[in-house]
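Reading the structure
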Amino acid sequence: MDSATPAEGLHFGVVQSTFNTAVTSRLLSGAIDALKRAGVNDDDVTVVKLPGAFEIPLVAQKLATSGRYDAIICLGAVIRGDTPHFDYISAEVARGVGQVALSSGVPVIFGVLTTDTLDQANARSVEGGRNKGFEAGVAAVEMAQLHARLA
Ligand code: INI
């Protein structure tokens, strides 16, 4: 991590979709754990919950353009079903999150699982173990620090 910019004092917005909520709740725990371990204050983290991954980009955009956050973390779980629905949602959330980062200039981290099965999603959202939310939290701190340094 970049020691020139302490994580303490940085502000983070976390967007959690509640579809597949058991999975995304563990992603949220992982992200919060990573932020705390980096020294981020509880009061400097805002969590916003929304219905599904498709809705993530709009809310991420609202947070990113508010000027209040040094990075935004997007958390969700899109799990393949029997129809092409998965392909539309996963493509749209990935495209939208990337677009929000580029248009806002604020780091927006993609902590959205896109898996074929619930088992795969569970294996990537283990509390205290392999956890995409934790990885997203680590990436958010690194990107917020880098962003501050490059500003
Ligand atoms: N939303 C998810 O976050 N994950 C899914 O797996 C999922 N599936 O499978 O349908 C899902 N659908 C809801 C979607 O994100 C929107 O909330 C909904 O279409 C309303 O816009």
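Here, the structure is the one placed above.
Here, residues in each chain are numbered from 1, in the same order as that chain's written sequence. Reporting of local features is limited, given that this is a predicted model, to residues whose pLDDT is at least 70; pairs of side-chain atoms are given and counted only at 80 or more, and all residues count toward the totals for whole chains, interfaces and linings. Side-chain measures here rest on the full set of heavy atoms in the structure, leaving out hydrogens and waters.

Time to look at the sheet that holds strand 1 (residues 12-17). Think of it this way: DSSP has to see at least two bridges between two strands before they count as a pair. Think of it this way: any DSSP run of H or I at least four residues long counts as a helix, any run of E at least two long counts as a strand, and we number them from the N terminus. As summarised here, the arrangement of the four strands in space is 2-1-3-4, forming an open sheet in which the pairing is parallel. Edge positions in the open sheet fall to strand 2 (45-50) and strand 4 (108-115), since each of these has one partner strand only. Averaged over all pairs of adjacent strands, the angle between their axes in this sheet comes to 15°, without regard to strand direction. Two elements, strand 3 (residues 71-79) and strand 4, share eight bridges in a ladder whose sense is parallel. Looking across to strand 4, one finds that I72 is bridged to V108. Of the strands in this sheet, strand 1, strand 2, strand 3 and strand 4 touch helix 2 (residues 56-64), which is tilted by about 175° from strand 3. Here an axis means a line fitted to C-alpha atoms, over the contact stretch when the element is a helix, while the angle between two N-to-C directions is reported on a 0 to 180 degree scale. A contact between two residues is defined here by any heavy atoms of the two lying within 4.5 Å.

Before going further, it helps to examine the pattern of salt bridges. Only one rule defines a salt bridge in this text: a Lys or Arg side-chain nitrogen within 4 Å of an Asp or Glu carboxyl oxygen. Using the criterion set out here, one finds six salt bridges in the structure. A salt bridge links D33 to R37; the nearest nitrogen and oxygen atoms lie 3.1 Å apart. With a gap of four residues between them, D33 and R37 both fall in helix 1 (residues 21-38), about one helical turn apart. One network of salt bridges, with partners in common, ties together R80, D87 and D116.

Inspection of the secondary structure puts A101 in helix 3 (residues 85-104). Distance in space between the C-alpha atoms of A101 and A123 is 28 Å, their sequence separation being 22 residues. Among all residues touching A101, those that are not within four sequence positions of it are V106 and V108.

To estimate the expected span of a helix, count its residues, drop one, and scale the result by 1.5 Å. Here helix 3 is 20 residues long and its end C-alpha atoms lie 28 Å apart, about the 28 Å a rise of 1.5 Å per residue gives. When we look at burial in helix 3, the residues that qualify are F86, I89, S90, V93, G96, V97 and V100. For helix 3, the angular spread of buried residues about the axis comes to 140°, placing them on one side. Set apart from the buried face of helix 3 by more than 90 degrees, the exposed residues are Y88, L102 and S103. Buried residues along helix 3 sit against helix 2, strand 3 and strand 4. Positive phi shows up at G105, right after helix 3, with a value of about 80°. We call a residue buried when its accessible area falls under 20% of the maximum for its residue type, exposed when it is over 50%, and partly exposed in between, using a 1.4 Å probe and counting protein chains only. Our arc is simply the arc of the directions from the helix axis toward the C-beta atoms.

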